[in-house]
Every structure is written in C-alpha cells, then in structure tokens.
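A closer look at the structure
Next come the chains, spelled out residue by residue.
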Amino acid sequence: MPAIIAGDNEAQLNLSYAATEVVVDNVDAKGIWRKWDDHTQVRTLHIEGAHLISDRWQTGFSLPISQRSRINQDYSGLADISASVGYEYLPDWDYNPIRPKGIGFLQLTIPTGKSRAESRVGGLDILGNGFWAIGLGTLLTKAIGRYDAFGSLEIHKSFSKSVAKNEFEGTLEPGWGGNIGFGAGYNLKSLRIGGNVTWTYEDPIKVVGTTSSPGSLERYATFTISASYLLNDDWAGTLSYSDQTLVGNPVNTSLGKTLAVNIQRRWSR
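What comes next is a walk through the structure. Bear in mind the structure is a predicted one, so any value in this text is a computation, not a measurement. (Residues numbered from 1 in each chain as written. Predicted model: local features only at pLDDT ≥ 70, side-chain atom pairs only at ≥ 80, totals over all residues. Heavy atoms only, no water.)

**Some thoughts on unusual backbone geometry**
Although it is not a glycine, Ile-71 sits at a positive phi angle of roughly 55°. Within the secondary structure layout, Ile-71 lies in the loop between β4 (57-70) and β5 (73-78). Not every positive phi belongs to a glycine, and Lys-189 is a case in point at roughly 55°. Considering the arrangement of structural elements, one finds Lys-189 in the loop between β12 (176-188) and β13 (191-202). Its relative accessible area of 80% is what places Lys-189 among the exposed residues. (Helix = DSSP H or I, 4+ residues; strand = E, 2+ residues; numbered from the N terminus. Buried < 20%, exposed > 50% of the residue type's maximum accessible area, 1.4 Å probe, protein only.)

**Digging into the side chain of Ser-228**
Locating Ser-228 in the fold gives a position in strand β15 (residues 218-230). Take Ser-228: its relative accessible area is 18%, and that puts it in the buried class. Here the side chain of Ser-228 touches Thr-238 through a polar contact of 2.8 Å, side chain to side chain. Residues within four places of Ser-228 in sequence aside, it is in contact with Ser-190, Leu-191, Arg-192, Gly-237 and Thr-238. (Polar contact = N/O pair within 3.5 Å; in protein donor to acceptor, adjacent residues only side chain to side chain. Contact = heavy atoms within 4.5 Å.)

See below:
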C-alpha cells in the first residue's frame, strides 16, 4: 500500500528511521529456518509524503535510503522508490456509524534498488525488489469512540528485465505479488497504542538464460506494535517494533526484527 495517506489533512510529510536485525538468515523453499553466526543489519531512512489535489484525490511518494552491513562490510544506496495516486471512494462526510472510510490507490514502483538475482557482493547490495511494478489496492479505516481499526489490500504486477552478470546472461521474469493487513488501536487523549499484522506474497522469479530456474515463491508475515503521540495539531511521533518470526508460515525469505521511529508533519485543510 502507499507509504502514506493524507487522510483528513491537506498534506503530510513523514521522516522515519528503521534499524533491522536479520535474525533468521534464510528460510528455504521447504520452510526450513537457518541461522548464521553473523547476521545482516539493515538501516533505512524513509522520506514519504502525500498531498490532496482535490477533496477526494491525492498523490504520494516514498523515497527510501538503505544501508546493509555484515561483519566488516556494508553497502548503501537508494532502495525502490514509488509514486502513487489515490481516490477516496467511500468518504465519511456523514459519519456513518458502520460504513468505513475507503481509499483506493494506484502505485508505481521504480527499481532503483537491486534485486536478489543481481547481487554482486554476497547479497549486501539487495536494496529492493529491483523490478518495475504497478499495484492496485485499497485502505479501509474506521474510528468508533476511542477505538480505531483498518484493513488494507494491495496487488501488484512486476515486469521482466534483462540481466548480464558474471557468467550469467538472460532474463528475470517476476510475476504477481501483494499483501493484506489488519490492525487496530486505542486512543487516549494524545496517545495511541496499536498493533497490526501484514501478510506478504511474491510469485516465483523465473530465470531464463544461460542457467534457467523456475524460482520459488516468497511468503512471510510481519507483526507490528506501535505507540504514537500527537505533539500538537501539526506534529506527531511514533515508535514501533516489528517482528517477522511470530506469525505465518514463511518461505524463501529472511526474517528480521525492526525498531523504528517516525516523525510526521501535518498541514490541515
């Protein structure tokens, strides 16, 4: 889903910093977990924004800069950036007691980060999926008293690319992917405590060339708890912890634990 939704504001800008420790270095195609002695650490600075262009239309962007480190090696650069356009197809102007607010969105992902198959330094330079992709999804939100809840769904299609690396020359052919998430929170004056779970799926990446492979699907789930504090009408801060080892049945991936801090600036309508 888009990194940020303007919601009831004219515009929003997010600055976040996340530190991830990869605690399970490999989950193979059979679902077997493997841990190495030296784990990879990932540090990511995210700049995200959204702006209303009418009462119901909005645009957004996401610009992540990542650094991956292991032992005495590190690699840094741009991860995949994205741009989105959204439309509020279920407005909450009449404050219906049952119907949620619904925003649909279209998102374009630009492959400024390398894919796993393009790595040249033992995986440290894997900063994104590495493919052009276009996605379609929705975000549903509802607040009742001090409680709020949301659900999200996103489906995307990634497009093939040609690769020439060392002894390999050929084409990488990704497929479809997506994620589905649910969350809820409790609000007490300026403080919100919440949690959510997001399940992620990616089709196998087929390799066609000097060495061919059918690939293997990737699947994992991320559980997150967070605490947000509204400093005033314009500023808010969030501290969150995410864990990919607690939920789901992961396949063909690595699993990490992440601590993140986020500062948000809002401009009211």
